[in-house]
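If you want the building blocks of each chain, they are given just below.
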Amino acid sequence: MRRMLLPLAALALAACQPSEPATTAPVASEPATEAAPPALPEPPDATPIDASYACEGNRVDLINQRGTARIAMSDGRVVSLGGMRGSVPATWRDVGLTFTLDERGSTPQIVLAQDNGPELRCEVLDAPVTAAPVDAPLDATHEDAALPRDASDPS
């Protein structure tokens, strides 16, 4: 009989686990505010800027009389894309990246894209703008680059 009581007592003790402490009801907090957009990188040097654009955390500056699109990426890298003379829409391309500025419609279409990768929509930034022809001399020699992805982007 004693042999039967010992396992039965062990089972009874195992069933008597202390209960979890009572949890309090969640406290109502202030309504969630929309996350602030990522801070844009500053221009890497004092080169005069013809126009600037914010492209989902990346900054594009048109420099050298719009002959070059300089991209300051959110991860700190800087690359320059050479302009493609006579292209419609205006296009700057190199190192697997393309910046396109189409001002022909009522709403400008401004896009920074990676070959076979993401396409980022851009907005005009306030910057000193000088009238310059799009077919200005080109400047492009660069390392391969890829657009950094926003850490909150699930794709």
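Residues numbered from 1 in each chain as written. Predicted model: local features only at pLDDT ≥ 70, side-chain atom pairs only at ≥ 80, totals over all residues. Heavy atoms only, no water.

(A) Molecular detail of the overall build of the chain. If you tally the helices and strands in the chain, you get one helix and nine strands. Its helices and strands taken in sequence order, the chain reads α-β-β-β-β-β-β-β-β-β from the N to the C terminus. Here the chain holds 155 residues, and the buried ones make up 31% of them. When contacts within the chain are restricted to residue pairs at least 6 apart in sequence, those whose partners lie at least 24 apart make up 44%. Of the roughly 10700 Å² of accessible surface on the chain, 57% is carried by carbon and sulfur atoms. (Helix = DSSP H or I, 4+ residues; strand = E, 2+ residues; numbered from the N terminus. Buried < 20%, exposed > 50% of the residue type's maximum accessible area, 1.4 Å probe, protein only. Contact = heavy atoms within 4.5 Å. Areas by Shrake-Rupley, 256 points an atom, 1.4 Å probe, with all protein chains shown as cover.)

(B) View of the sheet that holds strand S1 (residues 49-55). Reading across the sheet, the nine strands line up as S8-S7-S6-S5-S4-S3-S2-S1-S9 and stay open at both edges, with antiparallel pairing between neighbours. Among the strands making up the open sheet, the edge pair consists of strand S8 (119-121) and strand S9 (123-125). Strand-to-strand twist in this sheet, taken as the mean axis angle between neighbours without regard to direction, amounts to 25°. Pairing of S1 with S9, which is carried by three bridges, proceeds in the antiparallel orientation. Each bridged residue has a counterpart across the sheet, and for Ala54 the counterpart in S9 is Glu123. (Pairing = 2+ DSSP bridges. Axes fitted to C-alpha atoms, helices over the stretch in contact; angles between N-to-C directions.)

(C) Main features of the pattern of salt bridges. On inspection of all chains with the given rule, the structure shows six salt bridges. Measuring nitrogen to oxygen at the nearest pair gives 2.9 Å for the salt bridge that ties Asp75 to Arg77. In this structure, the salt-bridge partner of Asp102 is Arg104, at a minimum N-O distance of 2.8 Å. Judged by relative accessible area, Asp102 falls into the buried class, the value being 15%. A cluster of three or more residues bridged by salt bridges with shared partners is formed by Arg59, Asp61 and Arg70. (Salt bridge = Lys/Arg side-chain N within 4 Å of Asp/Glu carboxyl O.)

(D) Main features of the environment of Ser80. The topology assignment puts Ser80 in strand S4 (residues 78-83). For the pair Ser80 and Arg70, spaced 10 residues apart in the sequence, the C-alpha separation amounts to 4.3 Å.

(E) Layout of the confidence of the model for the chain. On average, residues of the chain score 74 in pLDDT, and 57% of them are at 70 or above. Under a pLDDT of 50 for its full length, residues 4-15 has, in the predicted model, zero contacts with residues more than four places off or in other chains. In the predicted structure, residues 129-144 sits below a pLDDT of 50 and forms 36 contacts with residues beyond four places in sequence or in another chain. (pLDDT = per-residue confidence, 0-100.)

(F) Here's a closer look at the nonpolar core. With 20 residues, the main nonpolar core has Tyr53 and Phe99 as its most contacted residues. Those elements that provide at least two residues to this core are S1, strand S2 (58-63), strand S3 (68-72), S4, strand S5 (90-94), strand S6 (97-102) and strand S7 (109-114). (Core = buried A, V, L, I, M, F, W, Y, C linked by side-chain atoms within 4.5 Å.)

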